[in-house]
Amino acid sequence: MANAVVCLTLLLLLSVLNWGQSASNYVQDACSVTRYRALCISTLAPFSSSAKTSPSKWARAGVSVTIGESKKVAQYLMEVKKYREMRGRYRIPLSDCIECFQNAIDQLHGSLGVLRNLSAGNFYEQMGDVTTWLSAALTDQDTCVDGFENPKGKQARMVRNRVLRSSYFTSNALALVNKLATSGL
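Residues numbered from 1 in each chain as written. Predicted model: local features only at pLDDT ≥ 70, side-chain atom pairs only at ≥ 80, totals over all residues. Heavy atoms only, no water.

> Help me understand the packing of helix α2 (residues 37-44) against helix α7 (residues 154-183), please; the structure alone is not making it clear to me.
Relative orientation and spacing of two packed helices are given, respectively, by the angle between their axes and the distance between those axes. Running from amino to carboxyl end, α2 crosses α7 at an angle of 85°, the nearest separation of the two axes being 10 Å. One way to sum up the angle between α2 and α7 is to call them roughly perpendicular. Along the contact surface, α2 presents Leu 39, Cys 40, Thr 43 and Leu 44, while α7 presents Arg 165, Tyr 168, Phe 169, Asn 172 and Leu 176. (Axes fitted to C-alpha atoms, helices over the stretch in contact; angles between N-to-C directions. Helix = DSSP H or I, 4+ residues; strand = E, 2+ residues; numbered from the N terminus. Parallel < 35°, antiparallel > 145°, perpendicular 65-115°, else oblique. Contact = heavy atoms within 4.5 Å.)

Written out as structure tokens, the structure reads:
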């Protein structure tokens, strides 16, 4: 009887370890196409058990996480502007940056809406729209970064770093969508 309990416990432990290993493999495989792989793995790992090997689920997860990050950065930019923490040559680029992020968030939401309603009949047209919108969102973020090139001062460096990091999320989401576009539904 004791041997049977030990055997069952060992089997249960091995299956739990094996599940964790395969969940880890799912996210690593999905993120293999991204430029910022470590960021992709760390932010998308919670989706492993539901996305598994589905390119469409990974693409949706990537865009969803990107929306969340972009909203955080947009909120941060608004607070910097509200509390007048940015003066001089950065005032106008900060306002431009806020506008760019609002546009990017709109494009990300549009992308997620399409990804949630993919259809085989117009899949390639939908993928064209999504990749265009994600590319436009990335361009908006790059435009924001350009306004803070060679930043002088702690606040300007912080803004640049937050915006750059957000663009890494968008780049990863675009890579996941491109993977979906090439693999099909």
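From this point, things continue past the structure.
> Help me out: how do you make sense of the nonpolar core in this one?
Soluble globular proteins: nonpolar side chains tend toward being buried together. In this structure, Val 63, Leu 115, Leu 118, Met 127, Leu 134, Val 177 and Leu 180 are the most contacted members of the largest nonpolar core, which totals 19 residues. Where this core is concerned, the elements lending two or more residues are α4 (55-82), α5 (91-116), α6 (123-146) and α7. In terms of residues, this core owes the most to one element, α6, which gives six residues. Apart from residues no more than four positions distant in its own chain, Leu 118 is found in contact with Ser 56, Phe 123, Gln 126, Met 127, Leu 180 and Leu 185. Counting residues in each nonpolar core, the second largest holds 18 residues, with Val 73, Tyr 76, Val 80 and Phe 148 among its members. (Core = buried A, V, L, I, M, F, W, Y, C linked by side-chain atoms within 4.5 Å. Buried < 20%, exposed > 50% of the residue type's maximum accessible area, 1.4 Å probe, protein only.)

> Explanation requested: the packing of aromatic side chains in the structure shown.
The geometry of an aromatic ring pair is captured by two quantities: the separation of the ring centres and the angle between the planes. Counting across every chain of the model gives three aromatic pairs. Of note, Arg 162 hangs over the ring of Tyr 76, and the distance from its end group to the ring centre comes to 4.3 Å. (Phe/Tyr/Trp six-rings, centres within 6.5 Å; stacked < 30°, edge-to-face > 60°. Lys NZ or Arg CZ within 6 Å of the ring centre and 35° of its normal.)

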